[in-house]
Amino acid sequence: MDYLSIASLQVSYVHDNQITPALRDLSLSLAIESTGVIIGPSGCGKSTLLGVLAGLNQNYQGTVRINGKAPGECDETALILQEYGLLPWKTTWDNVKLGLELRGFSKQETVLRTEKILDKLGLLHLRKRYPVQLSGGQRQRVAIARSLVLEPELLLMDEPFSSLDALTREELQDFLIELWQETKLTILLITHNIEEAVFLGQKIFVMSECPGTIIKEYTNPLAGDYSARGKMEFLELANSLRSSLRGWN
Ligand code: ADP
């Protein structure tokens, strides 16, 4: 059974008495413990899709199942946004433990889990710093730690690395792959970046212009292979994706 399955999803927004369709007849599926990447033009409905999957928007038609449950009934999902979403007045430690406190974990369990995840992500030495005292890459790692401390099964990421410089971006892509290999989370990530899609997505879904639907799906054996970045097959897949995005094939 697919861990994530979406069938004939439709979402429309109503604004000034006008209906704007954002997603139309969108279907996709993702196996458990795999990675999927969605790529598409700006404004095609990618964030709308993640909003539905995260349970933030329940105003949709069609069927969405995460591990057999509707998104609103599912507390195994974590969403990571582009702007990190860290509270500026809280330290790394306090930002990371927040979700545990909100869920009513005991003080002892909260400390144990926070320490473990910060250690795992190489952030323990930054535990007393505030977000403004961290680099962009470090901030994004803290945001990831804050989600992972809740031990989700599905990690949703909305352009998580887009504001980082090219080198930091590659480092965090490598880091995400290591994390995935270790935890076997199911990951669905949105990106504008073609090379990122090829490096991270075992499945790559190409979306159309708005209202968005999936126009092409790739199964990608190169995902997570560090040495693949410079290989001919990598460049060929990147070129094919580029053509799909431009509507050439
Ligand atoms: P993407 O993430 O791919 O850039 P979005 O999901 O943000 O796209 O938006 C998809 C479409 O829905 C766009 O045409 C956008 O203008 C519209 N849209 C998004 N949010 C709203 C809203 N709250 N009200 C009205 N229209 C919206």
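Residues numbered from 1 in each chain as written. Predicted model: local features only at pLDDT ≥ 70, side-chain atom pairs only at ≥ 80, totals over all residues. Heavy atoms only, no water.

The protein chain carries the name Taurine import ATP-binding protein TauB in an unreviewed UniProt entry, which gives Sporotomaculum syntrophicum as its organism.

**A few points about the nonpolar core**
In terms of nonpolar packing, the biggest core is built from 47 residues, with Leu155, Met157, Leu176 and Leu241 touching the most fellow members. Tallying contributions element by element places helix H5 (residues 166–183) first for this core, with 6 residues. Leave out the neighbours within four places in its chain, and Leu241 touches Ile39, Ile194, Ala197, Val198, Ile204, Val206 and Tyr218. Formed by 25 residues, the second largest nonpolar core is a distinct cluster that contains Leu30, Leu50, Ile66 and Ile214. (Core = buried A, V, L, I, M, F, W, Y, C linked by side-chain atoms within 4.5 Å. Buried < 20%, exposed > 50% of the residue type's maximum accessible area, 1.4 Å probe, protein only. Helix = DSSP H or I, 4+ residues; strand = E, 2+ residues; numbered from the N terminus. Contact = heavy atoms within 4.5 Å.)

**Here's the deal with the site of the ligand**
The immediate surroundings of the ligand are formed by Tyr13, Ala22, Ser42, Gly43, Cys44, Gly45, Lys46, Ser47, Thr48 and Cys210. Within the backbone of Gly45, an N or O atom sits 3.0 Å from an oxygen atom of the ligand. Between Ser47 and the ligand, the recorded distance is 2.6 Å, taken from a side-chain N or O atom to an oxygen atom. When the free accessible area of the ligand is taken as 560 Å², the share hidden by the protein chains comes to 62%. Here the shell around the ligand takes 3 residues from helix H1 (residues 46–53), the largest share from any one element. The residue makeup of the shell around the ligand, split by class, is 4 nonpolar, 5 polar and 1 charged. (Near = heavy atom within 4 Å. Polar contact = N/O pair within 3.5 Å; in protein donor to acceptor, adjacent residues only side chain to side chain. Areas by Shrake-Rupley, 256 points an atom, 1.4 Å probe, with all protein chains shown as cover. Nonpolar A, V, L, I, M, F, W, Y, C, P; charged D, E, K, R; others polar.)

**Structural notes on the sheet that holds strand S4 (residues 61–66)**
Reading across from one edge, S2-S1-S4 is the order of the 3 strands in this open sheet, with antiparallel pairing throughout. In this open sheet, the two edge strands, each paired with only one partner strand, are strand S2 (18–30) and S4. The mean angle between the axes of side-by-side strands here comes to 30 degrees, regardless of whether they run parallel or antiparallel. The pairing of strand S1 (residues 4–15) with S4 spans 5 bridges and is classified as antiparallel. Residue pairing in the sheet places Leu4 in a bridge with Ile66 of S4. Contacts between H1 and the sheet are confined to S1, S2 and S4, with S1 contributing the most and set at about 115 degrees to the helix. (Pairing = 2+ DSSP bridges. Axes fitted to C-alpha atoms, helices over the stretch in contact; angles between N-to-C directions.)

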